[in-house]
Amino acid sequence: MSFDRAIKIAPSILASDFANFGAECAAVEAQGADWIHVDVMDGHFVPNITFGPDTCKAIRPHIKGVMDVHLMIAPVDPYIDAFASSGADIITAHLEAGPHIHRTLQAIRGAGVKAGLALNPGTGLDSVPHLLDMVDLVCVMTVNPGFGGQKFIHSQIEKVSALREMIGDRPIHIEIDGGVTPVTAPLVAAAGADVLVAGSAVFKGGSLSDPTPYGANIAAIRAAAEAVI
Ligand code: DX5
Ligand code: ZN
């Protein structure tokens, strides 16, 4: 199968109804979501707590497509098997989460899952060339991780362009996470991103009883991104 560099919209369930994750995942997929982005936070690596592998496992049957698990936890390695067996398609770990990101990425792939590398806004690309052979995705954080609804950090656009150049023809996705809206999506799409995570901008105005705004929101982000590529 050829590598898919088309724009993919990945709603983050961080902005959904926490009492109804399964139904929310099904609703955004029915409204056009490509991937489902699952934010795991530990109250240690980031100042907020969400949920762990058991919740991912419970959500999995409600997702038809890709379950994209973003680990904002430290340490990562003791939990890789649990997240892999929860049914994650991609597990993304932060470069900043420990001294052995190389080993962590090896362990994720070793568990039979695609490996993602996330970079905080304050982290440069210096290590990335040494890790390119072991990643399927690089996630550029365009907010400091921990909370939804924050403002997009524009200085990251330059990082996305440099990363795009570094990746060349390799089959590696560039994912953007934080503050993605129809206004910011074209900026990162033009710089070379293909996976756009969006929480607030997808779920705003909609609900399980009226999910049609989810569809309109997803379509607006996609159209704005596709218009510049
Ligand atoms: C932030 C999370 C994001 C967040 C994005 O730590 O990793 O996935 O949910 O939310 P918005 O789109 O509201 O910035
Ligand atoms: Zn995320």
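Everything below is about the structure shown above.
Residues numbered from 1 in each chain as written. Chains lettered and ligands numbered in written order. Predicted model: local features only at pLDDT ≥ 70, side-chain atom pairs only at ≥ 80, totals over all residues. Heavy atoms only, no water.

With that settled, the discussion passes to the site of ligand 1. Lining the immediate surroundings of ligand 1 are 20 residues, of which D39, G146, D177, G199 and S200 lie closest. The contact in question runs from an oxygen atom of ligand 1 to an N or O atom on the side chain of D39, over 2.7 Å. A distance of 2.6 Å separates an oxygen atom of ligand 1 from a polar side-chain atom of D177. For ligand 1, the protein covers 98% of the area, taking 390 Å² as the surface of the free molecule. Those elements that place two or more of their residues in the shell around ligand 1 are β2 (35-41), β3 (66-72) and β8 (195-198). When residues of the shell around ligand 1 are assigned to their parent elements, the largest contribution, 3 residues, is made by β2. (Near = heavy atom within 4 Å. Polar contact = N/O pair within 3.5 Å; in protein donor to acceptor, adjacent residues only side chain to side chain. Areas by Shrake-Rupley, 256 points an atom, 1.4 Å probe, with all protein chains shown as cover. Helix = DSSP H or I, 4+ residues; strand = E, 2+ residues; numbered from the N terminus.)

The next thing to look at is the coordination of the zinc ion (ligand 2). Distances from the zinc ion (ligand 2) to its protein donors, namely H37 (NE2), D39 (OD), H70 (ND1) and D177 (OD), fall within the range 2.0 to 2.3 Å. Around the zinc ion (ligand 2) sit 6 donor atoms; with metal-centred angles ranging over 69 to 172 degrees, the donor geometry is octahedral. Judged by relative accessible area, which is 1%, H70 ranks as buried. Classification of D177 by relative accessible area gives buried; the value is 9%. (Donors = N, O, S within 2.8 Å, 3.2 Å for Na, K, Ca; no water. Tetrahedral: all angles 85-135°; square planar, octahedral: opposite > 155°, others 65-115°. Buried < 20%, exposed > 50% of the residue type's maximum accessible area, 1.4 Å probe, protein only.)

Don't take any of this as a statement about function, it's just geometry.
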